[in-house]
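Summary of the model geometry
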Amino acid sequence: MFEAFAQQFALFGSAAAQAFGFPQVFVTMIATVAGIIVGAVPGLTATMALALLINLTYSMQLPVAVAFLLGVYVGAVMGGCYSAIMINIPGTPSAAATALDGFILAKKGHGGQAIGVGVIASFIGTLFSIVILIFLTPFLYKIALKFGQWEYFLISVFGIMICGNLSTQSTPIKGWIVGFLGFFTAMIGLDAVYAFPRFTYGSYSLMGGISLIPALIGVFGISEILSVLQEDIPYSIESQLGRVLPSKDMVKDIVHTAVRSGLIGCGIGAVPGAGEDIAAWVSYDVGKRRSKKGHLFGKGSYEGLASAETANNACIGGAMIPLLTLAIPGSPPAAMFLAAIWLHGIKPGPMLALESPDFLYLTAITLIIATVSMLVFGLLLVKPMVKILKINRKILMPIIVPLTVIGAYAGNVNSFDIAVMFVFGILGYILRKLNYPMAPLVLGIILGPTADISFRQALMQGQGSIIPLLGRPVGIVLMVAIVWILIAGIKNSRLQKDGGVSAA
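Below is a short write-up of the structure. Given the structure is predicted, the values throughout are model-derived calculations rather than measurements.

This part takes up helix H8 (residues 212-230). End to end, H8 covers 27 Å across 19 residues, agreeing with the expected 27 Å (1.5 Å per residue, within 8%). Buried residues dominate H8, accounting for 16 of its 19 residues.

A few words now on the nonpolar core. In terms of nonpolar packing, the biggest core is built from 131 residues, with Tyr73, Tyr82, Phe337 and Phe359 touching the most fellow members. For this core, the element with the highest residue contribution is helix H4 (residues 62-86), accounting for 16 residues. Residues in contact with Phe359, not counting those within four places in the same chain, are Leu62, Val66, Leu324, Phe337, Ile341, Ile346 and Leu352. The next biggest cluster of nonpolar side chains, apart from the first, holds seven residues, and it includes Ile264, Ala279, Val286 and Ala311.

This structure, assessed with the given rule, holds six aromatic pairs. Residues Trp150 and Phe455 carry aromatic rings whose centres are separated by 5.9 Å and whose planes lie at 80° to one another, so their mutual orientation is edge-to-face. With Trp150 in helix H6 (residues 149-166) and Phe455 in helix H18 (residues 439-461), this residue pair connects regions lying 305 residues apart in the sequence. The exposure class assigned to Phe455 is partly exposed, which follows from its relative accessible area of 30%. Pairing Phe153 with Phe455 gives two aromatic rings, centres 4.7 Å apart and planes at 40°, and the pair type is tilted. Linking Phe153 in helix H6 with Phe455 in helix H18, this pair joins segments that are 302 residues apart in sequence. One aromatic cluster is present, formed by Trp150, Phe153 and Phe455 through successive ring pairs. A cation over an aromatic ring shows up here: Lys174 above the ring of Tyr436, its NZ or CZ 5.0 Å from the ring centre.

To continue, consider the pattern of salt bridges. Taken as a whole and judged by the stated rule, the model has three salt bridges. We note a salt bridge from Asp191 to Arg456, for which the minimum N-O separation is 2.5 Å. Of the two residues, Asp191 sits in the loop between strand S1 (189-190) and strand S2 (197-198) while Arg456 sits in helix H18, which places them 265 residues apart along the sequence. Across this residue pair, the class does not change: Asp191 and Arg456 are buried. Members of the salt-bridge network, linked through shared partners, are Asp191, Arg198, Asp452 and Arg456.

Helix H3 (residues 46-53) sits mainly inside the fold: seven of its eight residues count as buried. Among the residues making up H3, those that are buried are Ala46, Thr47, Met48, Ala49, Leu50, Ala51 and Leu52.

Remark: helix H9 (residues 248-269) packs on helix H11 (residues 302-326), axes separated minimally by 6 Å, with the N-to-C direction vectors making an angle of 35°. Between H9 and H11 lies a crossing whose hand is right-handed. Of the residues in H11, those in contact with Met250, Ile254, Thr257, Ala258, Arg260, Ser261, Gly262, Gly265, Cys266 and Gly269 of H9 are Tyr302, Glu303, Ala306, Ser307, Thr310, Ala311, Ala314, Cys315, Gly318, Ala319, Ile321 and Pro322.

Residue position: Gly287 is located in helix H10 (residues 276-290). According to the relative accessible area criterion, Gly287 is buried, its value standing at 0%. For the pair Gly287 and Arg260, spaced 27 residues apart in sequence, the C-alpha separation works out to 8.3 Å. Excluding residues that lie within four positions of it along the chain, Gly287 makes contacts with Arg260, Phe297 and Ser307.

What follows concerns the packing of H3 against H4. The geometry of H3 relative to H4 is characterised by a closest axis approach of 9 Å and an angle of 160° between their N-to-C directions. Here H3 lies roughly antiparallel to H4, going by the angle between them. Classified by chirality, the crossing of H4 by H3 is right-handed. Of H4, the residues touching H3 (which contributes Ala46, Ala49, Leu50 and Leu53) are Phe68, Leu69, Val72, Tyr73, Ala76 and Val77. Residues of the contact of H3 with H4, tallied by class, amount to 10 nonpolar, no polar and no charged.

The rules behind these values
- Residues numbered from 1 in each chain as written.
- Predicted model: local features only at pLDDT ≥ 70, side-chain atom pairs only at ≥ 80, totals over all residues.
- Heavy atoms only, no water.
- Helix = DSSP H or I, 4+ residues; strand = E, 2+ residues; numbered from the N terminus.
- Expected span 1.5 Å × (residues − 1).
- Buried < 20%, exposed > 50% of the residue type's maximum accessible area, 1.4 Å probe, protein only.
- Core = buried A, V, L, I, M, F, W, Y, C linked by side-chain atoms within 4.5 Å.
- Contact = heavy atoms within 4.5 Å.
- Phe/Tyr/Trp six-rings, centres within 6.5 Å; stacked < 30°, edge-to-face > 60°.
- Lys NZ or Arg CZ within 6 Å of the ring centre and 35° of its normal.
- Salt bridge = Lys/Arg side-chain N within 4 Å of Asp/Glu carboxyl O.
- Axes fitted to C-alpha atoms, helices over the stretch in contact; angles between N-to-C directions.
- Left-handed = near helix turned anticlockwise from the far one by under 90°.
- Parallel < 35°, antiparallel > 145°, perpendicular 65-115°, else oblique.
- Nonpolar A, V, L, I, M, F, W, Y, C, P; charged D, E, K, R; others polar.

In structure tokens:
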């Protein structure tokens, strides 16, 4: 036991030496500030920012690339609270719940203090999730090592099913449709087992399959730009900032809420593909029901604001848990991070603890540096950010289009990837208009190859029979969970349909 502890301590020391190098700390601070700005401007989400910036990390060393991406990630998730509070337009989807109480507080002249509470709550939530990440992940590595081909196939299907169930405000069936559309997209190209072309229709460009990064840039970048250019939302900041730093008594009052919301956010983050916005809404709902002052939620409650902001940032650490142990991202921004570290030769999954044993600690320590930077700069940048918020998105979005083209092209230096980006951008725009969620589509594209290869290899091992699966306890548990999600989702869809009919 002492030897194991000494080994982990040595790995932690090695990771700390990498994370606390001057270039890494400097890059983390700059990236966090950039992330805050991105998150504060409505339409520039954390997912879009990471998708566009992945290509900039090609020439970076791994610790610097990790610092850059995680800094942007942490800053952007928190930055959404600025615009949510000051102009009632969430900078990121995860800040939508923040706007319910934040904007009312801003109209009362407490906008600065509301932002201060939001920043501190985000700081507490992120740190809380990092602690859970450090202590829980090593145990999950041991469980993941017992996974066979059947388990990888079933965990991929489970991820799509539960993501589709949680990420849509309409019916779960819509989430499942989009998720399995992502699965189908991953089937395009040469078959990974026999190298047989599938769904290529004679196109040599499709032989290599659909590149992940151009598809993600299209889904989250181009579709967002098209949506924003159609909006007609007035931009005006009429409320006063007032004091920024909250009082000590106010901070003490939200600590209990922050702990509860941190647990919820981290738990939701560990659900494949669920994301920060779901974590914020679930935490807000639980907080409203559990609080003694729940009747004040939605009327300018600091507790309600803290419930949402703590959870959406706590989701960051939670999303890293399935990413590192199973190579399944817990949120769309985490999916971008996964794509980036793949480019640097890091292969998350059960073998990560053996192949790159210090990467968990590198990720955790970098997140801590980014979180402290977020707290400091988040409070210092309140007044400058209010000025930046006056920039009209219709001016800003056309400037971003060339960046999306560069981001799609730079990966493989292939003009076909630009076409892929625009096709997926139009597809994402249509799906948004039809109220289909984007997270299951992304998760389907990422998990599709794993599900395909694992299922076929499992059948080969069983000589075409699924009987061997019945002797695997983890596989049986996953099958039961999938069936339960399916039944619950269908039942929920019917209830919503009946409610809509009766309302009509």
